[in-house]
Amino acid sequence: MTVIDETGDSSHADDSQASPLGEVLEFMRLLWAVDHQLRSTSKHMESTLGLTGPQRLVVRLVGQYPGITSGRLSQILHVHPSTLTGVLKRLEKRGYLERKSDPRDARKALFFLTQLGRGLNVPASGTVEAAVQRAISRVPRAQLTGAQDVLTALAEELGVGEEKSSHEAASPALSLQAG
């Protein structure tokens, strides 16, 4: 793990050395670093592959589940359906996805990859997916499971995929107050 000392210098430390930032701030610092690199890699993917990271993830999921609905995609991705609408429209416009009416319920749309989309539904270097694959291949299964547990718990604490009730949103204990 890389830790930061009081001067702001970073160094590699073994697991027995505690970060001067403490567990919570050190973990948050690492999350921000991952977030920054996800965004940077996504921009690079857009310039090299023509797809952002989230768009590629949608293409891979539609390839995995042909005929998936946008509602099911939004559940898998833990995003509000309205967030996904723009991604799906852009992928359709570029010719990667095809939308068909559900024969059982015409109100629902089913998504399929086009031939062009199927060409992108393969492992590729320079993607977030490739980086994740390399990273998880270096970590023992028990540690990977532990990391997934922590990220799942954090997502739940942050309310990923949940609508906050107006009571919860107004609660001083659950919101940041200006200081």
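From a predicted model like this one, the values you see are computed outputs, not experimental measurements.

Draft legend 1. Spotlight on the pattern of salt bridges. Considering all chains together, one arrives at seven salt bridges under this definition. Across the salt bridge formed by R60 and E129, the nearest N and O atoms sit 2.9 Å from each other. With R60 in helix α2 (residues 53–64) and E129 in helix α6 (residues 128–137), this pair connects stretches of sequence that are 69 residues apart. Assessed through its relative accessible area of 32%, E129 is described here as partly exposed. Here R107 ties to D105 by a salt bridge, and the two come within 3.0 Å at their closest N and O atoms. For R107, a relative accessible area of 75% gives the class exposed. By relative accessible area, D105 is classed as buried at 18%. Taken together, the salt bridges that share partners define one network made up of R56, R60 and E129.

Draft legend 2. Focus on the sheet that holds strand β3 (residues 68–69). Here we have three strands laid out as an open sheet, ordered β3-β5-β4, and antiparallel in their pairing. Among the strands making up the open sheet, the edge pair consists of β3 and β4 (97–102). Bridge analysis of β3 against strand β5 (residues 105–113) gives two bridges, and the strand direction is antiparallel. Counted as the bridge partner of T69 is L110 from β5.

Draft legend 3. Fine view of the side chain of R56. Position of R56 among the secondary structure elements: in helix α2. At a separation of 2.8 Å, a polar atom in the side chain of R56 contacts the main-chain carbonyl oxygen of L120.

Draft legend 4. Structural context of the packing of helix α1 (residues 23–49) against α2. In the contact formed by α1 and α2, the axes pass within 8 Å of each other and the chain directions differ by 70°. For the element pair α1 / α2, the angle class is roughly perpendicular. When α1 is examined against α2, the residues S42, M45 and L49 are found in contact with a partner set consisting of G53, P54 and R56. Here the residues of the contact of α1 with α2 sort into three nonpolar, two polar and one charged.

Draft legend 5. Spatial organisation of the confidence of the model for the protein. With 79% of its residues at a pLDDT of 70 or more, the protein has an overall mean of 84. This stretch, residues 164–179, has a pLDDT under 50; its non-local contacts, to residues over four places away or in other chains, come to five contacts.

Draft legend 6. Just the environment of Q64, in detail. Along the chain, Q64 falls in helix α2. For Q64, a relative accessible area of 57% translates into the label exposed. Separated by 48 residues in the primary sequence, Q64 and F112 have C-alpha atoms spaced 9.8 Å apart.

Draft legend 7. Local environment of the environment of S42. In this structure, S42 sits in helix α1. Classification of S42 by relative accessible area gives buried; the value is 11%. Considered as a pair, S42 and G53 are 11 residues apart in the sequence and their alpha carbons are 4.6 Å apart. Look past the residues within four positions of S42 in its chain and what remains in contact with it is L51, T52, G53 and P54.

Draft legend 8. Structural view of the pairing of β5. As defined by bridge partners, β4 adjoins β5 across six bridges and the pair is classed as antiparallel. Across the sheet, the residue bridging to K100 is L110, located in β5. Where β4 folds back onto β5 in an antiparallel hairpin, the turn is made up of two residues.

About the cut-offs
- Residues numbered from 1 in each chain as written.
- Predicted model: local features only at pLDDT ≥ 70, side-chain atom pairs only at ≥ 80, totals over all residues.
- Heavy atoms only, no water.
- Salt bridge = Lys/Arg side-chain N within 4 Å of Asp/Glu carboxyl O.
- Helix = DSSP H or I, 4+ residues; strand = E, 2+ residues; numbered from the N terminus.
- Buried < 20%, exposed > 50% of the residue type's maximum accessible area, 1.4 Å probe, protein only.
- Pairing = 2+ DSSP bridges.
- Polar contact = N/O pair within 3.5 Å; in protein donor to acceptor, adjacent residues only side chain to side chain.
- Axes fitted to C-alpha atoms, helices over the stretch in contact; angles between N-to-C directions.
- Parallel < 35°, antiparallel > 145°, perpendicular 65-115°, else oblique.
- Contact = heavy atoms within 4.5 Å.
- Nonpolar A, V, L, I, M, F, W, Y, C, P; charged D, E, K, R; others polar.
- pLDDT = per-residue confidence, 0-100.

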